[in-house]
Amino acid sequence: MHLSLTKKITWLTIFSIAMGYLETAVVVYIRKHYYPNGFDFPLLPIGKDIAITEFFREIATIIMLAGIGILVGENRLQRFAFFIYCFAIWDIFYYVFLYVLLGWPKSLLTFDVLFLIPVPWISPVICPCLISALLIFYAMIVVWNPAKINLKMRSIERLILFAGCALVLYSFVADYITFVLAHHSDKGVWTFSQRKDLFSEAEGFIPQSFRWEIFIPGFMLMSGAISIFGLRIKNTLKEFHAEEWKQVV
C-alpha cells in the first residue's frame, strides 16, 4: 500500500521529532555526568571509550535518518530531500527538547558543539536552526512537485550552493582549529588524530565571538541558490500547467 505524500511527510515528521527526543535524552545523560552544574565551555575531556561511542552514535544517527529517506523516497532526488527534511526536523526539535528538559540553551546565541566529524563544529544555536529551516524549504520544493519536471539544480546554482556551504562550514570550525593550532599544535586538530581523550586539546577554549562575517555571506549564498532554484521550478510548473491547459482546450 502506497501512502499519500501528505501521510509520508506527516509520519516522517513524527519519526524525526521522536529521533530528536532520543538524541536529547542521550545528551541529558551525558551532561548530567560530565556537567552536573550545567553545560558550559571550556569542554571537559571525555574518556576514549565514551568518545568512540559518541563518534559512532553520530554516524548511526545519520545512517538512520538517511535510511528512512531511502525507504520512503520514490527516486534518488526525493530520497535525498526526505533525508535532509528529517535531518532538519530532528535538529530543530533536539534543541526544543533540550530547552524543555534542561532550560538550555538560554538564548539562540548560546554556543553549542554541533558535530564532531572530522573536527568539532561550534556555533550559536541559531545557526544550525537557520540551516535546518533552509533545508526544509529545499526539501518541500522537491517533494511537492506534481508534475514530472527536471528538479536538478543547474551548475551555477550548485556552485553558489557549495560555495555557501563551504563558508558556513568554515565559520563553524575556524576558531576551534585556530585555537588548537596556536595552543596545542602537538596534539592535532582532528577529533581522533591521536590516542587522547576527546576535547583534551580544547582546554582553555571558550568561544567569545562567532565568525558572523563568514557565516552570513555563506548562508546568503545558500539561501540565494535555493531561492533561485525554487523560482525556476515555480516558473517551469506554470509553463507546464499552461501547456497542459492548451492541450485540453
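Structure: above.
It should be emphasised that the depicted structure is a prediction, and the values quoted were computed from it without experimental measurement.

1. Focus: the nonpolar core
Counting residues in hydrophobic clusters, the biggest one holds 62 residues, and the most contacted among them are Phe-215 and Phe-229. Those elements giving two or more residues to this core turn out to be helix H1 (5–34), helix H2 (48–72), helix H3 (76–102), strand E1 (111–115), helix H4 (126–143), helix H5 (155–183) and helix H6 (212–248). Looking at this core, the element that brings in the most residues is H3, giving twelve residues. Not counting residues up to four positions away in its chain, the partners in contact with Phe-215 are Cys-127, Leu-130, Ile-131, Val-168, Ser-171, Phe-172 and Phe-210.

2. Concerning the layout of surface pockets
In this approach, a probe sized like a water molecule rolls over the atoms, and the result shows the empty space that is left. In this structure, the largest pocket spans a volume of roughly 1400 Å³. If you trace the largest pocket, you find 48 residues lining it, with Phe-87, Trp-90, Leu-114, Phe-115 and Trp-121 closest to the centre. Of all the secondary structure elements, the ones that give two or more residues to the lining of the largest pocket are H1, H2, H3, E1, H4, H5 and H6. Looking at the lining of the largest pocket, the element that brings in the most residues is H3, giving nine residues. Here the residues of the lining of the largest pocket sort into 37 nonpolar, two polar and nine charged.

3. Quick look at the pattern of salt bridges
Under the defined criterion, the tally for this structure stands at six salt bridges. When the shortest N-O distance is used, the salt bridge between Glu-54 and Arg-57 registers 2.3 Å. Here Arg-57 and Glu-54 lie together in helix H2, a separation of three residues that amounts to about one turn. The pair formed by Glu-54 and Arg-57 is uniform in burial state, with each residue classed as buried. Between Asp-175 and Arg-211 there is a salt bridge, and its shortest N-O distance comes to 2.7 Å.

4. Quick notes on the environment of Val-142
Relative to the elements of secondary structure, Val-142 occurs in helix H4. On the accessibility criterion, Val-142 (4% relative accessible area) is buried. Apart from the residues within four sequence positions on either side, Val-142 is in contact with Leu-77, Gln-78, Ala-81, Leu-151 and Phe-229.

5. Brief notes about the pairing of strand E2 (residues 121–124)
Relative to E2, E1 runs antiparallel, the two sharing four bridges. By the bridge assignment, Val-113 is partnered in E2 with Ile-122. Linking E1 to E2, which pair antiparallel, is a turn of five residues.

6. Some remarks on a nonpolar patch on the surface
On the surface, Tyr-21, Val-96, Val-100, Leu-101 and Leu-102 cluster together to form a nonpolar patch covering roughly 430 Å² of accessible area. With four residues, the top contributor of residues to the nonpolar patch is H3. Within the secondary structure, Val-96 is located in helix H3. Classification of Val-96 as partly exposed rests on a relative accessible area of 36%.

7. As for the packing of aromatic side chains
Tallied over the entire structure, the rule returns 20 aromatic pairs. Where Phe-93 meets Phe-97, the ring centres are 6.1 Å apart and the plane angle is 45 degrees; that geometry is what we call tilted. One end of the pair, Phe-93, and the other, Phe-97, are both in helix H3, four residues apart, so they sit about a helical turn from each other. A residue is classified by how much of its surface remains accessible, and Phe-93, at 25% relative accessible area, is partly exposed. In textbook terms, an aromatic cluster arises when at least three aromatic residues are bridged by ring pairs, as seen for Phe-115, Trp-121, Phe-172, Phe-210, Trp-212, Phe-215 and Phe-219.

8. A word on H4
Along its 18 residues, H4 runs 26 Å from first to last C-alpha, staying within 8% of the 26 Å computed at 1.5 Å per residue. For H4, the complete set of buried residues consists of Cys-127, Pro-128, Cys-129, Ile-131, Ser-132, Leu-134, Leu-135, Tyr-138, Ala-139, Ile-141, Val-142 and Val-143.

9. Here we look at the packing of H3 against H4
The relative placement of two packed helices comes down to the angle between their axes together with the axis-to-axis distance. Interhelical geometry of H3 versus H4 gives an angle of 150 degrees and a closest axis separation of 8 Å. Our classification of the angle between H3 and H4 gives roughly antiparallel. Considering how the two elements wind past one another, H3 and H4 form a crossing that is left-handed.

10. Overview of unusual backbone geometry
What is expected of a backbone is that most residues other than glycine have negative phi and most peptide bonds are trans. Cis geometry marks the peptide bond from Phe-41 to Pro-42, where omega comes out at 0 degrees. Summarising the element assignment, Pro-42 is placed in the loop between H1 and H2. Looking along the chain, the bond that leaves Trp-104 and enters Pro-105 is cis, with omega of 5 degrees. As for its position among the elements, Pro-105 is in the loop between H3 and E1.

What counts, and where the lines are drawn
- Residues numbered from 1 in each chain as written.
- Predicted model: local features only at pLDDT ≥ 70, side-chain atom pairs only at ≥ 80, totals over all residues.
- Heavy atoms only, no water.
- Core = buried A, V, L, I, M, F, W, Y, C linked by side-chain atoms within 4.5 Å.
- Buried < 20%, exposed > 50% of the residue type's maximum accessible area, 1.4 Å probe, protein only.
- Helix = DSSP H or I, 4+ residues; strand = E, 2+ residues; numbered from the N terminus.
- Contact = heavy atoms within 4.5 Å.
- 1 Å grid on protein atoms, 1.4 Å probe; cavity = no way out; pocket = protein on both sides within 12 Å on 5 of 7 lines; lining within 4 Å.
- Points joined across faces, edges and corners; volume = space filled by probe spheres on them.
- Nonpolar A, V, L, I, M, F, W, Y, C, P; charged D, E, K, R; others polar.
- Salt bridge = Lys/Arg side-chain N within 4 Å of Asp/Glu carboxyl O.
- Pairing = 2+ DSSP bridges.
- Patch = residues over 30% accessible without salt bridge, like charges linked within 9 Å, V, L, I, M, F, W, Y side chains within 5 Å.
- Areas by Shrake-Rupley, 256 points an atom, 1.4 Å probe, with all protein chains shown as cover.
- Phe/Tyr/Trp six-rings, centres within 6.5 Å; stacked < 30°, edge-to-face > 60°.
- Expected span 1.5 Å × (residues − 1).
- Axes fitted to C-alpha atoms, helices over the stretch in contact; angles between N-to-C directions.
- Parallel < 35°, antiparallel > 145°, perpendicular 65-115°, else oblique.
- Left-handed = near helix turned anticlockwise from the far one by under 90°.

Purely spatial values, then, with no claim about function.
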